[in-house]
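Here are the chains, one letter per residue:
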Amino acid sequence: MDKSLVDIQREVDAYISQFKEGYFSPLSMLARMSEEVGELAREVNHQFGEKPKKADEAENSIELELGDILFITVCFANSLGIDLTEAHNKVMHKFNTRDAGRWTLKNTD
């Protein structure tokens, strides 16, 4: 099932809203995000780098680590009242204007 960013933000908010604790503070979420990015780095290093996993290490995946990062990103945005669709639109506008001639376009022949 396809979900928009709005749908994802609402789904995460509904999940978090059922708990008394609610969203963590921005500083705690930044720390959690940093932890998740570190876990992603570890998985990428295991899959593409020179550091194989130990035999007793739990199986994980880049997909799940990216999912964790998406979840904490949505939590962070929700807690600060940020619309991620609007944030995405602003970033794409920046890339399409400021960085318009920065990269070599593929031939469309």
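Here goes a summary of the coordinates provided.

**A few points about the packing of helix H2 (residues 26-48) against helix H3 (residues 62-79)**
Running from amino to carboxyl end, H2 crosses H3 at an angle of 165 degrees, the nearest separation of the two axes being 9 Å. As the angle between them shows, H2 and H3 are arranged roughly antiparallel. Crossing handedness for the pair H2 and H3: left-handed. Tallied by class, the residues present in the contact of H2 with H3 amount to 15 nonpolar, 3 polar and 6 charged.

**So, the nonpolar core**
Of all hydrophobic cores here, the largest spans 11 residues; its members are Ile8, Val12, Ile16, Met29, Met33, Ile72, Val74, Cys75, Phe76, Ala77 and Leu84. Secondary structure elements with two or more residues in this core: helix H1 (5-17), H2 and H3. Tallying contributions element by element places H3 first for this core, with 5 residues. Residue contacts for Cys75: discarding those within four places in its chain leaves Val12, Ile16, Tyr23 and Met29.

**A short note on the packing of H1 against H3**
When two helices pack together, their arrangement is given by the angle between their axes and by how far apart the axes lie. In contact at an axis separation of 10 Å, H1 and H3 are set at 80 degrees when each is read in the N-to-C sense. When the axis of H1 is compared with that of H3, the two are roughly perpendicular. In this structure, H1 contributes Ile8, Gln9, Val12, Asp13, Tyr15 and Ile16 to the contact, and H3 contributes Phe71, Val74, Cys75, Ala77 and Asn78. Here the residues of the contact of H1 with H3 are counted per class, giving 8 nonpolar, 2 polar and 1 charged.

**Structural notes on the packing of aromatic side chains**
A full pass over the atoms with the stated rule returns 2 aromatic pairs. On the basis of an interplanar angle of 75 degrees and a centroid distance of 5.2 Å, the ring pair of Tyr15 and Phe19 is categorised as edge-to-face. One aromatic cluster in this structure is built from Tyr15, Phe19 and Phe71.

**Quick look at a nonpolar patch on the surface**
A cluster of nonpolar side chains, contributed by Val91, Met92 and Phe95, occupies part of the molecular surface with about 230 Å² of accessible area. Relative to the helices and strands, Met92 resides in helix H4 (residues 84-97).

**Looking at the environment of Ser4**
Its place among the elements puts Ser4 in the segment before H1. Classification of Ser4 as partly exposed rests on a relative accessible area of 34%. Along the backbone, Ser4 and Met92 are 88 residues apart, and their C-alpha atoms lie at a distance of 16 Å. Only 3.0 Å separates the side chain of Ser4 from the backbone nitrogen of Asp7, close enough to count as a polar contact.

What counts and what doesn't
Residues numbered from 1 in each chain as written. Predicted model: local features only at pLDDT ≥ 70, side-chain atom pairs only at ≥ 80, totals over all residues. Heavy atoms only, no water. Axes fitted to C-alpha atoms, helices over the stretch in contact; angles between N-to-C directions. Helix = DSSP H or I, 4+ residues; strand = E, 2+ residues; numbered from the N terminus. Parallel < 35°, antiparallel > 145°, perpendicular 65-115°, else oblique. Left-handed = near helix turned anticlockwise from the far one by under 90°. Nonpolar A, V, L, I, M, F, W, Y, C, P; charged D, E, K, R; others polar. Core = buried A, V, L, I, M, F, W, Y, C linked by side-chain atoms within 4.5 Å. Buried < 20%, exposed > 50% of the residue type's maximum accessible area, 1.4 Å probe, protein only. Contact = heavy atoms within 4.5 Å. Phe/Tyr/Trp six-rings, centres within 6.5 Å; stacked < 30°, edge-to-face > 60°. Patch = residues over 30% accessible without salt bridge, like charges linked within 9 Å, V, L, I, M, F, W, Y side chains within 5 Å. Areas by Shrake-Rupley, 256 points an atom, 1.4 Å probe, with all protein chains shown as cover. Salt bridge = Lys/Arg side-chain N within 4 Å of Asp/Glu carboxyl O. Polar contact = N/O pair within 3.5 Å; in protein donor to acceptor, adjacent residues only side chain to side chain.

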